[in-house]
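These are the residues of each chain, in order.
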Amino acid sequence: MNTPIEWLKSYLPDITFTEKEFSDRLTLFGTKVESFEKLDKNLDKIVVGKILSIEKHPDADKLVVTQVDVGKEKLQIVTGASNINVGDLVPIVLDGGKVAANRHEAGNKDGFVIKKGELRGVKSNGMMCSIDELGMSSFLYPEAPENGIYIFNEDLEVGSDAVEALSLHNTVFEYEITSNRVDCFSMIGIAREVAVAFGQKFVSPVIKETGNDDDVNKYISLAIEDEKLCRRFCARVVKNVKVGPSPKWLQRRLSSCGIRPINNIVDITNYVMKEYGQPMHAYDISTIEENKIIVKRAENGEFITLDGQKRQLDTDMVMIHDGKKAIGIGGIMGGQNSMITENVDTVVFEAACFDGTNIRLSSKRLGLRTEASALFEKGLNPRSAYLAVQRACELVEELKCGEVVGGVADINLSEEKERKLKFDDKKINDILGTEISKAKMAKYFDRLGFIIHDDNLTVPWFRTDIEGVADLAEEVARCYGYDKIPTKLPVFAGGMGGITKEEKIEKIISQVAINYGFSQSMSYSFEGARVFDKLLFSSDAKERYAIELLNPLGEDFKLMRTTTVNGLLNCLSINYNRRNKEVRLFELGKVYIPKELPLKELPFENPKITLGFYDSGDFFDMKAVVEAILRSVGIDRDINFINDESVSFLHSGRQAKVSCNDTELGYLGELHPLVAQAYKLPDNGADRTYIACLDLNTLEKLSRFDTIYRAIPKYPASTRDLSFVLNKSVKAADIERIIKNNADGILENVELFDIYEREGIGEDNRSLAYSLIFRADDRTLSDDEITAAVNRILEELGRIGVNLRV
């Protein structure tokens, strides 16, 4: 929403402020000023000059030498303009003045300074300006030539301010308006906000009665066939229309809002839309068959809109018809078959209140979003339609461009009632944490347009966003000042809060990952079907059983993800291809598993922690991180890493399942070379990519956070170091399990401290050396007890081909 300050001040005659004061005050009031632009910021010493003579340049065929009257003096100016004549009034930049940066050049934000000089040996004491050099364009100033000097077509005083004549001593403010404040998408709405914010008087425009003794119903009849699509439809008729340019003040106001002036009839509809926030449309009554306007649902087929484009209609769209044909898409754009031309004699002004949801959906299906549809989809008040047609007819009479027919054709199905809310100052103070008196609140509401009666507040008709006490509290907060509201901690009736076990586990795991050098990443929960092929999933893999979105952002965001690996690999890939070394990332995210397809109930959301790194370790480094994570949540016994080949995107010989007893926790391994190639990740030499993934729901079930006290041991420990020879096919985990299960409860710890592989012990063999610590809680162990335990261990290991190395 843009508002030029000159237009805004017409409703606030006594207000004064600087641009910064305006921006700060209104933003703090809750109507955020996004930016502002001073239209004359790069314009200085520009006056109206009258061309007295034009002569050829003695040394240049394309230049002319002019004598120009600028009021106090006459100047000689050399120019290459070909569109000027003696007697023309043109903008002249005096010596030392400034013009805006030409949009076709490498622009200077501070404009260009113009100085006296010579052109081909002839003195030039200033410069004539094009509209481009004044910072505007011929789009917004249609009377200006595309290429050439701007020529004033009105009688102006020679030497007067040319910038003032073009209404460029103006500042345009741009706002960020929330969609619920539909009243602020209008000049009047913003003016009301400014009046309250600055404590100034708001002068509401008073619409004068218009119309002759004729009856509008003789010219046009209205009908609404579907009450859900349209709650109000108003029309007025203007005959003996004289189409022509609008007066300069109206053109300039539209131009300052970025709207191109067209002609007086079209400009009136655009002016009313900006002023009241109510879209309007004008029809040539000669194109309306049977003099009927009917609001009903569209029929399937094509329709040509004002922009000359064919639009595909469906029966959910609201359409404006005459007695025989469609003449406009309701709330979006009129039809080419009823457009206003210069030969029009009688015009029908119409304004309506359409269903906002229908307009939004129709606009989206058509691929056509207009300023009108953007307003309608926010939900307008039916009263605005009536005010708009009345204001349009008032402007017709003011501009003397037609004769207004008496009466208003009006179908009002809205049954608009006053909305009343209880004025509960205590509850408002409780919400805000303030102690504002009821009398002070009453003053705020009075300034905002509320009517106070006893303990009730009547909501102004234009504030459709006010629904309950929370909205009333917001209005009080805005007027009181957000900066004055004290900061207080919230009070909870149920005592102190806490975090869930799931949140605790996520927090602990995150800290462990960070301690091991990992950084947290985040990725979308939406993916494309191509992910399954990149990760080498088989055609019947369960991961392909995914939920498809009805309205995806694109093919690559069509499915709810069933694996978190793709997102992490993409993040690793971005870092690798930007030459970031030794990157470690982890993500806490969910996968979405449907219970059945098509989806009839919400999917199962399964949280995972996924870790990945490249160029910073190997399989065993990742294994150490996984073990640390499991220990951190109390899972430190019966952990197994079982060689596996079931994970398609991991190297078949370098992956493992992680389990606790018989419960699977996740997996880890080296990325498959083909997958690494698909993601442009390292897959050779020391630079390889490793992935691990653990199921957080399972970790939560198995986790233990109970602290068990154990006294410091009173009795000494005894250590035995054993070295075994075994076939390479025997797993170290099996050896460790047998040692623990056969130590008669006196084994305190077992640790693998050496691996040896040489020809001396056999090509298919290797040697593993373990350190065993024995200790009892109630006595000093004897050598016989320890020897007996070691013998039992050696006996059981011998059964699987593991022998003591000698």
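Quick look at the structure, then. Here the structure is a predicted model, which means the values were calculated and not measured. (Residues numbered from 1 in each chain as written. Predicted model: local features only at pLDDT ≥ 70, side-chain atom pairs only at ≥ 80, totals over all residues. Heavy atoms only, no water.)

**Some points on the packing of aromatic side chains**
Per the counting criterion, the structure on display carries 22 aromatic pairs. When the centroid spacing of 6.1 Å and the interplanar angle of 90° are considered together, the rings of F537 and F649 count as edge-to-face. One end of the pair, F537, is in the loop between α14 (530-534) and β29 (559-560); the other, F649, is in the loop between β32 (639-643) and β33 (650-660), and 112 residues separate them in sequence. A relative accessible area of 11% means that F537 is categorised as buried. (Phe/Tyr/Trp six-rings, centres within 6.5 Å; stacked < 30°, edge-to-face > 60°. Helix = DSSP H or I, 4+ residues; strand = E, 2+ residues; numbered from the N terminus. Buried < 20%, exposed > 50% of the residue type's maximum accessible area, 1.4 Å probe, protein only.)

**Side note on the packing of helix α2 (residues 19-28) against helix α4 (residues 187-198)**
As a packed pair, α2 and α4 sit with axes 10 Å apart at the nearest point and diverge in direction by 90°. With respect to α4, the axis of α2 lies roughly perpendicular. Contacts from E21, F22, R25 and L26 of α2 reach α4 at E193, V194, A197 and F198. (Axes fitted to C-alpha atoms, helices over the stretch in contact; angles between N-to-C directions. Parallel < 35°, antiparallel > 145°, perpendicular 65-115°, else oblique. Contact = heavy atoms within 4.5 Å.)

**Things to note about the pattern of salt bridges**
On inspection of all chains with the given rule, the structure shows 53 salt bridges. Close ionic contact of R181 with D465 constitutes a salt bridge, the shortest N to O distance being 4.0 Å. Taken together, the positions of R181 in the loop between β11 (171-176) and α4 and D465 in the loop between β26 (456-458) and α12 (469-480) put the pair 284 residues apart, joining distant regions of the chain. What makes R181 buried here is its relative accessible area of 9%. (Salt bridge = Lys/Arg side-chain N within 4 Å of Asp/Glu carboxyl O.)

**Let's talk about the side chain of S363**
Within the secondary structure layout, S363 lies in helix α7 (residues 356-366). Leaving out residues up to four positions away in the same chain, S363 has contacts with I332, L368, R369 and S373.

**Describing the sheet that holds strand β2 (residues 32-38)**
Backbone-to-backbone hydrogen bonds join strands into a sheet, with any given pair of strands oriented parallel or antiparallel. If you walk across this open sheet you meet the three strands as β1-β11-β2, and the pairing is antiparallel. Both outer strands of the open sheet, β1 (2-4) and β2, are each paired with one neighbouring strand and no more. When the angles between neighbouring strand axes are averaged without regard to direction, this sheet yields 25°. As paired strands, β2 and β11 are joined by six bridges and run antiparallel to one another. Counterpart to V33 in the pairing with β11 is Y175. Packing against the sheet, α2 makes contact with β2 and β11, and its axis sits at approximately 165° to β2. (Pairing = 2+ DSSP bridges.)

**A closer look at the sheet that holds strand β39 (residues 765-774)**
If you trace the four strands from one edge of the open sheet to the other, you get β38-β39-β37-β40, paired in antiparallel fashion. Either end of the sheet is taken by a strand with one partner, and the two such strands are β38 (747-756) and β40 (803-804). Pairing geometry for strand β37 (residues 718-727) and β40, over two bridges, is antiparallel. The partner of V725 across the bridge, within β40, is N803. The sheet strands contacting helix α19 (residues 732-741) are β37, β38 and β39, and the helix crosses β39 at an angle near 30°. Against the sheet, helix α20 (residues 783-798) makes contact with β37, β39 and β40, and its axis sits at roughly 15° relative to β37, the strand it touches most.

Spatial relationships are all this shows, so hold off on functional conclusions.
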